[in-house]
Amino acid sequence: VQLQAYGGGLVQPGGSLRLSCAASGSIFSMNVMGWYRQAPGKQREQVAIITTDGGTRHADSVKGRFTISRDNAKNTVYLQMNTLKPEDTAVYYCNADIYNDYGWKNYWGQGTLVTVSS
């Protein structure tokens, strides 16, 4: 199983980006998917998670600016990021609970860098 994240880049404060993360490989079922981020010198933190039926939870720091969504048919999770701030600069990682030949396991994507700077 692989989680491929993309969509990061350099954006000015106040701008927007949309991250995508697609899961591929042996997948029988998927449960919670999410986005996490790690800024330089800081611990990895949860940004947002989404359940199979669309229930979501967003970190207080991104509420009202970021929106997580998913397409179950495509095994893909998205993160729409609006009104970006310099403090949103970080490597963003996707995460998913996947059921396959090995049972339920938690997987991480490789990360995509988001830089918010003028």
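The model shown is predicted, which means the values in this text are computed figures rather than measured ones. (Residues numbered from 1 in each chain as written. Predicted model: local features only at pLDDT ≥ 70, side-chain atom pairs only at ≥ 80, totals over all residues. Heavy atoms only, no water.)

Enquirer: What exactly am I supposed to notice about the state of the cysteines here?
Expert: Inspection of every chain in the model, using the stated rule, returns one disulfide. One disulfide bridge connects Cys21 with Cys94, the sulfur atoms lying 2.0 Å from each other. Here the disulfide of Cys21 and Cys94 is right-handed, its torsion about the S-S bond being about 50 degrees. Of the two residues, Cys21 sits in strand β3 (residues 17-24) while Cys94 sits in strand β9 (residues 90-100), which places them 73 residues apart along the sequence. Classification of Cys21 by relative accessible area gives buried; the value is 1%. (Disulfide = S-S within 2.5 Å. Helix = DSSP H or I, 4+ residues; strand = E, 2+ residues; numbered from the N terminus. Buried < 20%, exposed > 50% of the residue type's maximum accessible area, 1.4 Å probe, protein only.)

Enquirer: What exactly am I supposed to notice about the sheet that holds strand β8 (residues 76-81) here?
Expert: Note on sheets: strands pair through backbone hydrogen bonds, and any given pair is parallel or antiparallel. Reading across the sheet, the four strands line up as β1-β3-β8-β7 and stay open at both edges, with antiparallel pairing between neighbours. Edge positions in the open sheet fall to β1 (2-6) and β7 (66-71), since each of these has one partner strand only. Strand-to-strand twist across the sheet, computed as the mean angle between neighbouring axes with direction ignored, equals 15 degrees. Note that β1 and β3 share five bridges and pair antiparallel. Within β3, the position partnered with Gln2 by the bridge is Ser24. (Pairing = 2+ DSSP bridges. Axes fitted to C-alpha atoms, helices over the stretch in contact; angles between N-to-C directions.)

Enquirer: Would you take a moment to explain the packing of aromatic side chains for this structure?
Expert: Evaluation of the coordinates by the stated rule reveals four aromatic pairs. Ring centres 4.9 Å apart and planes at 65 degrees place the aromatic pair Tyr36 and Trp108 in the edge-to-face group. Here Tyr36, found in strand β4 (residues 29-38), pairs with Trp108, found in strand β10 (residues 103-108); they are 72 residues apart in sequence, far enough to count as distant. On the basis of relative accessibility, which here comes to 18%, the residue Tyr36 falls in the buried class. Through successive ring pairs, a cluster of aromatic residues spans Phe28, Tyr99 and Trp104. (Phe/Tyr/Trp six-rings, centres within 6.5 Å; stacked < 30°, edge-to-face > 60°.)

Enquirer: Help me understand the pairing of β9 in this model?
Expert: Residues in a regular strand point their side chains to alternate faces of the sheet. Across the eleven residues that make up β9, a large majority, eight, are buried. When β9 meets strand β11 (residues 112-116), the two strands line up antiparallel, connected through three bridges. By the bridge assignment, Ala90 is partnered in β11 with Val114. In this sheet, β10 lies alongside β9 in antiparallel orientation, the contact comprising six bridges. Each residue of the ladder has a partner; that of Tyr99, found in β10, is Trp104. As consecutive antiparallel partners, β9 and β10 are separated by two residues.

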